[in-house]
Amino acid sequence: MKGPFKIFVTIVLLLLVACKPQPHDEKVSDKQPVIYPDYVGVTVPAEIAPLNFAMADDSVDWVCVTVEGSKGGQMTSVGEDTDFDIEEWHQLLARNKGGHLKVSVTARKEEGWTRYKSFNIYISPLPLEEWGVTYRRIPPSYSMYGLMGLWQRNLSNFDEKVLLKTSQIPGMCVNCHTNSNNHPGDYVFHVRGAHGATVFHRKGHTELLKAKNDTLGGSMVYPSWHPGGRYIAFSTNKTAQAFHMSTPKLIEVYDNSSDIFVYDTETHTIINDTLTMTSAWSENCPAFSADGKWIYFITALQHTYPQEFRQQRYNLCRVAFDERTGKLGNQVDTLINANQMQKSITWPRASYDGRYLMYTQMDYGYFSVWHPEADLWLMDLKTGETRPMDEVNSSNSESLHQWSSNSRWFLFTSRRDDGLYTCIYFASIGDDGKATKPFMLPQRHPKRYYRELLYSYNTPDFTAVEIDVNPQEMGRAIESDKRVATQVRK
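The following refers to the structure shown.

Considerations on the overall build of the protein
Then, number 1: On a plain count of helices and strands, the protein comes out with five helices and 36 strands.
Then, number 2: The C-alpha atoms of the protein give 24 Å as radius of gyration, which agrees with the globular expectation for 490 residues (23 Å, within 12%).
Then, number 3: Judged by the C-alpha coordinates and their principal axes, the protein covers about 75 × 50 × 45 Å.
Then, number 4: Counting the 490 residues in the protein, one finds 52% classified as buried.
Then, number 5: Contacts spanning at least 24 positions in sequence make up 57% of the contacts within the protein whose residues lie at least 6 apart.
Then, number 6: Carbon together with sulfur atoms contributes 51% to the accessible area of the protein, which is approximately 21,800 Å² in total.
Then, number 7: Positive and negative side-chain charges of the protein, numbering 51 and 56 respectively, have mean locations separated by a distance of 2 Å.

Below you can see the structure in the form of structure tokens.
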């Protein structure tokens, strides 16, 4: 940009800023502003996208925000809501890593301006070490496959790309996308429908497995990768749903039966074991330990469904796994007896450093997104002690959590925002096992975005780098009849 033109642009920008409403005769409040999303006092990684926000009060039509770093630096935003410059934001966060940002807000309503007490946003010294997240977005449809899909999102900005949408595979449903230990080079997801398949990608090669194996009697769902990359633990479920007539809960999802098995990606072999494939019990939600020597899972005694769905309570268990032979151990250990507590356990996920196991606890069942009482719990795998994560839980459903690769951050879904749709939240965990206040996935204009969004975020996961996939090519492959058959080895 040449000198005279650069000066001209600068003058124009200054004039535009000068034309914006500026605070005057403001009333001073001793309270902090109520903002949306609630970023007051949160702790974030330096790599995160700008925490843009709006005033929660809809009668506010203009805000002036100043952000000052405890280690230096400053930036401002003026408008109907905040819209921080991405490059300036990252420069400010990098400069203040391990410190905090002081955020000062002055807002205008019809009766005039109010200057609020400032609040802090803390910049963690802990790196995130993740490029972004993957997730499924799903509408509130129950009997028909609506428009849904798999997406990936860059966490340092607001860029979002589609991995696969149901518009590319009409009449089918896309299930959760699961990376191998947050590494997008290996991933798996399941597709239901006329051309159903288990889409499996490893070492640069994509295979479409037959959706069902007749011996199993069901599909391959709820995957968990072994850290070595060769094996994946799956459950196979016969799922049903029922609707409540008069209750705060809308729907109950339950399994008429479910089992757990291990899949060998090199031999296309399903490894059965009677320990985790019983007729009297429903085994579900497998998760490998960080060292790959254990499979954590949940199991519940079968009842008559849907009549006795409130009696379905899942224990937390584990079974040994031998990577050399691909076989399970000879006994199942019960870590938490659900019936003794009159509670139910679901979605166990071990941290990648082997220190913790995070899970969801609720009154009954395992499909936690429909249970307002569902809360996150944390087990210390060194001591066996377990506790509710009160610092992140809310009065609505928390679930579908995952760890970052360095085990210092985790994400989860929650319905705390409106009670209807699940959104993604993030928090870090310290050496003492305590988590920081969670923050919602940033959006450029979050109030508008989340109010207009008619989709729930489902089964999110971290990804270390951007996933390289062509949605059109993937759609054509799924619509083809080319499938790889699986064999069962007992």
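Further notes follow.
Notes on the sheet that holds strand 26 (residues 327-336)
Then, number 1: Overall, antiparallel pairing links the four strands, which are arranged 23-24-25-26 in an open sheet. Taken across any chain shown, the strands that pair with only one partner, and hence form the sheet edges, are strand 23 (281-288) and strand 26. For this sheet, the mean inter-axis angle between neighbouring strands, taken without regard to orientation, is 30 degrees.
Then, number 2: Here strand 23 pairs with strand 24 (residues 294-301) via six bridges, running antiparallel. Looking at strand 24, one finds that Ala-287 is bridged to Tyr-296.

Focus on the pattern of salt bridges
Then, number 1: With the rule as written, the count across this model stands at 21 salt bridges.
Then, number 2: The residue Asp-322 makes a salt bridge to Arg-324 at a minimum N-O spacing of 3.3 Å.
Then, number 3: A salt bridge links Lys-343 to Asp-363, with the shortest nitrogen-to-oxygen separation between them at 2.7 Å. A residue pair is termed long-range when its members are at least 10 positions apart, and Lys-343 in the loop between helix 3 (338-341) and strand 27 (344-350) and Asp-363 in the loop between strand 28 (356-362) and strand 29 (375-380) qualify at 20 residues.
Then, number 4: Of the residues examined, Lys-343 reaches a relative accessible area of 28% and is grouped as partly exposed.
Then, number 5: For Asp-363, a relative accessible area of 26% gives the class partly exposed.

Considerations on unusual backbone geometry
Then, number 1: Looking along the chain, the bond that leaves Tyr-36 and enters Pro-37 is cis, with omega of -5 degrees.
Then, number 2: Backbone torsion omega between Tyr-305 and Pro-306 reads 5 degrees, so that peptide bond is classified as cis.
Then, number 3: In this fold, Pro-306 is placed in the loop between strand 24 and strand 25 (315-322).
Then, number 4: Phi at Glu-129 takes a positive value of approximately 60 degrees, unusual for a residue other than glycine.

As for the environment of Gly-149
Then, number 1: Structurally, the position occupied by Gly-149 is in strand 11 (residues 149-154).
Then, number 2: On the basis of relative accessibility, which here comes to 0%, the residue Gly-149 falls in the buried class.
Then, number 3: Note: C-alpha distance between Gly-149 and Tyr-135 (14 residues apart in sequence) is 8.4 Å.
Then, number 4: Those residues in contact with Gly-149 that lie beyond four places of it in its chain are Tyr-135, Arg-136, Arg-137, Leu-164 and Lys-165.

Some details on the sheet that holds strand 33 (residues 423-428)
Then, number 1: The antiparallel open sheet is built from four strands, whose spatial order is 31-32-33-34. What marks the edges here is a single partner per strand, and that holds for strand 31 (398-403) and strand 34 (439-440).
Then, number 2: In the sheet, strand 33 pairs with strand 34 via two bridges, with the strands oriented antiparallel. Bridge pairing in strand 34 places Tyr-425 opposite Met-440.

Side note on the nonpolar core
Then, number 1: The biggest cluster of nonpolar side chains holds 57 residues, and the ones touching the most others in it are Val-44, Ile-121, Phe-410, Phe-426 and Phe-439.
Then, number 2: Broken down by element, the residue count for this core peaks at five residues, all from strand 33.
Then, number 3: Contact partners of Ile-121, with chain neighbours within four places excluded, come to Tyr-39, Val-42, Val-44, Leu-51, His-100, Leu-101 and Val-103.
Then, number 4: Membership of the second largest hydrophobic core comes to 22 residues, among which are Ile-298, Leu-316, Ile-345 and Met-379.

Structural notes on the packing of aromatic side chains
Then, number 1: According to the stated counting rule, one finds 24 aromatic pairs in the structure shown.
Then, number 2: Note on Tyr-187 and Phe-189: the rings are 6.5 Å apart at their centroids and 10 degrees apart in plane angle, and the pair reads as stacked. Comparing Tyr-187 with Phe-189 shows no difference in burial state: the two are buried.
Then, number 3: Each ring, one from Tyr-359 and one from Trp-377, has its centre 6.4 Å from the other, and the planes form 25 degrees; the classification is stacked. With Tyr-359 in strand 28 and Trp-377 in strand 29, the pair connects residues that are 18 residues apart, well separated along the chain. Grouping residues by exposure puts Tyr-359 and Trp-377 together as buried.
Then, number 4: In this structure, Arg-137 is placed above the aromatic ring of Trp-151, and the distance from its NZ or CZ to the ring centre is 4.2 Å.
Then, number 5: Above the face of the Tyr-455 ring, Arg-137 is positioned so that its terminal group lies 5.9 Å from the ring centre.

A few points about helix 2 (residues 86-95)
Then, number 1: Within the span of helix 2, buried status applies to Trp-89, Leu-92 and Leu-93. The arc enclosing the buried residues of helix 2, seen along the axis, measures out at 95 degrees, which places them on a common side. More than 90 degrees from the buried face of helix 2, the exposed residues found are Glu-87, Ala-94 and Arg-95.
Then, number 2: Capping the start of helix 2, Asp-85 holds a side-chain oxygen 3.2 Å from the backbone nitrogen of Glu-87, two or three residues further along.

So, how was this worked out
Residues numbered from 1 in each chain as written. Predicted model: local features only at pLDDT ≥ 70, side-chain atom pairs only at ≥ 80, totals over all residues. Heavy atoms only, no water. Helix = DSSP H or I, 4+ residues; strand = E, 2+ residues; numbered from the N terminus. Rg over C-alpha atoms; globule rule 2.2 N^0.38 Å. Buried < 20%, exposed > 50% of the residue type's maximum accessible area, 1.4 Å probe, protein only. Contact = heavy atoms within 4.5 Å. Areas by Shrake-Rupley, 256 points an atom, 1.4 Å probe, with all protein chains shown as cover. Lys, Arg positive; Asp, Glu negative; His and termini not counted. Charge placed at Lys NZ, Arg CZ, Asp CG, Glu CD. Pairing = 2+ DSSP bridges. Axes fitted to C-alpha atoms, helices over the stretch in contact; angles between N-to-C directions. Salt bridge = Lys/Arg side-chain N within 4 Å of Asp/Glu carboxyl O. Core = buried A, V, L, I, M, F, W, Y, C linked by side-chain atoms within 4.5 Å. Phe/Tyr/Trp six-rings, centres within 6.5 Å; stacked < 30°, edge-to-face > 60°. Lys NZ or Arg CZ within 6 Å of the ring centre and 35° of its normal. Arc of directions from axis to C-beta. Polar contact = N/O pair within 3.5 Å; in protein donor to acceptor, adjacent residues only side chain to side chain.

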